[in-house]
Amino acid sequence: MKVCKECGAVQQDERIFCIDCGEKLDEPISESEEEKITEEISQTISEQYEKNDPLGVDISMKIAACLNVAAAIFSLIVFLISNNQIQSLIWFSFICYAFSFTDALFPEFVWILTKFRDFFRYDNFDDLQPSFLYCKIRRIGVWVSIAFGLSITILCLI
Ligand SMILES: [Zn+2]
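An account of the accompanying structure is given in this report. (Residues numbered from 1 in each chain as written. Predicted model: local features only at pLDDT ≥ 70, side-chain atom pairs only at ≥ 80, totals over all residues.)

**So, the overall build of the protein**
Step number 1: What the protein contains, in helices and strands, is 5 helices and 2 strands.
Step number 2: A compact globule built from 158 residues would reach a C-alpha radius of gyration of about 15 Å, whereas the protein, at 26 Å, exceeds it by more than 25%.
Step number 3: Its C-alpha atoms give the protein principal-axis dimensions of about 80 × 35 × 25 Å.
Step number 4: Considering the protein as a whole, with its 158 residues, one finds that 15% of them fall into the buried category.
Step number 5: Contacts in the protein between residues at least 24 apart in sequence constitute 58% of all its contacts with a sequence separation of at least 6. (Helix = DSSP H or I, 4+ residues; strand = E, 2+ residues; numbered from the N terminus. Rg over C-alpha atoms; globule rule 2.2 N^0.38 Å. Buried ≥ 20, exposed ≤ 12 C-beta atoms within 10 Å, placed from the backbone. Contact = placed C-beta atoms within 7 Å.)

**Thoughts on the environment of phenylalanine 109**
Step number 1: Looking at the secondary structure, you find phenylalanine 109 in helix α4 (residues 107-115).
Step number 2: For phenylalanine 109, a count of 12 C-beta atoms within 10 Å puts it in the exposed group.
Step number 3: C-alpha of phenylalanine 109 to C-alpha of isoleucine 45: the two residues are 64 residues apart in sequence and 24 Å apart in space.

**A look at the environment of glutamate 34**
Step number 1: Assignment of secondary structure puts glutamate 34 in helix α1 (residues 31-52).
Step number 2: What makes glutamate 34 partly exposed here is the crowd of 15 C-beta atoms within 10 Å.
Step number 3: When residues no more than four places from it in sequence are discounted, the contact partners of glutamate 34 are Met1 and Ile29.

**Describing the packing of helix α2 (residues 59-80) against helix α3 (residues 84-105)**
Step number 1: Axis separation between α2 and α3 bottoms out at 9 Å; the angle between their running directions is 165°. By the angle between their directions, the pair α2 and α3 is classed as roughly antiparallel. Note on packing geometry: the crossing formed by α2 with α3 is left-handed. Contacts between α2 and α3 involve Met61, Ala64, Ala65, Asn68, Ala71, Ala72, Ser75, Val78 and Phe79 from the first element and Gln87, Ile90, Ser93, Phe94, Tyr97, Ser100, Phe101, Ala104 and Leu105 from the second.
Step number 2: For the contact of α2 with α3, the residue count by class is 13 nonpolar, 5 polar and no charged. (Axes fitted to C-alpha atoms, helices over the stretch in contact; angles between N-to-C directions. Parallel < 35°, antiparallel > 145°, perpendicular 65-115°, else oblique. Left-handed = near helix turned anticlockwise from the far one by under 90°. Nonpolar A, V, L, I, M, F, W, Y, C, P; charged D, E, K, R; others polar.)

**Quick look at the nonpolar core**
Step number 1: Ala64, Ala65, Ala71, Ala72, Cys96, Tyr97, Phe101, Ala104, Val142, Ile146 and Leu150 form the largest nonpolar core, which has 11 residues in total.
Step number 2: Put simply, the parts of the chain that give this core at least two residues each are α2, α3 and α5 (132-157).
Step number 3: Not counting chain neighbours up to four residues away, the residues in contact with alanine 71 comprise Tyr97, Ile146, Gly149 and Leu150. (Core = buried A, V, L, I, M, F, W, Y, C linked by C-beta atoms within 7 Å.)

As structure tokens, then:
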């Protein structure tokens, strides 16, 4: 491993010039220095990863979970005062709340279920990571599920 003295970029041993700034590179650094730098890099990467927290349970997801509980209580009341036909519709509301609640508080669990559809497509199934799009859709899905469940119950009231 070589480190550019001009810009600090880490370079492969066989390089003569820095690929980032074009400066001529010195001899490779010692093994102990290399270990130190590798550790620093991996720490920075894991810090960045935690900051982005792709499947994080942040405050908005906790609010969504609370709203689900409130909506479920509301639907339960409607369920109890309804006739059989409407009751069978309100079951869909409960399914929406259950999905939304689980995805808000236990995103890792839902992700494991979701990635099973790729089970036969990838050899390195265990290494699959949620994409940026998946993480975005997951958050939208949590809110859409609450809205969908509530709409069904409210429509039953009309
Ligand atoms: Zn450089």
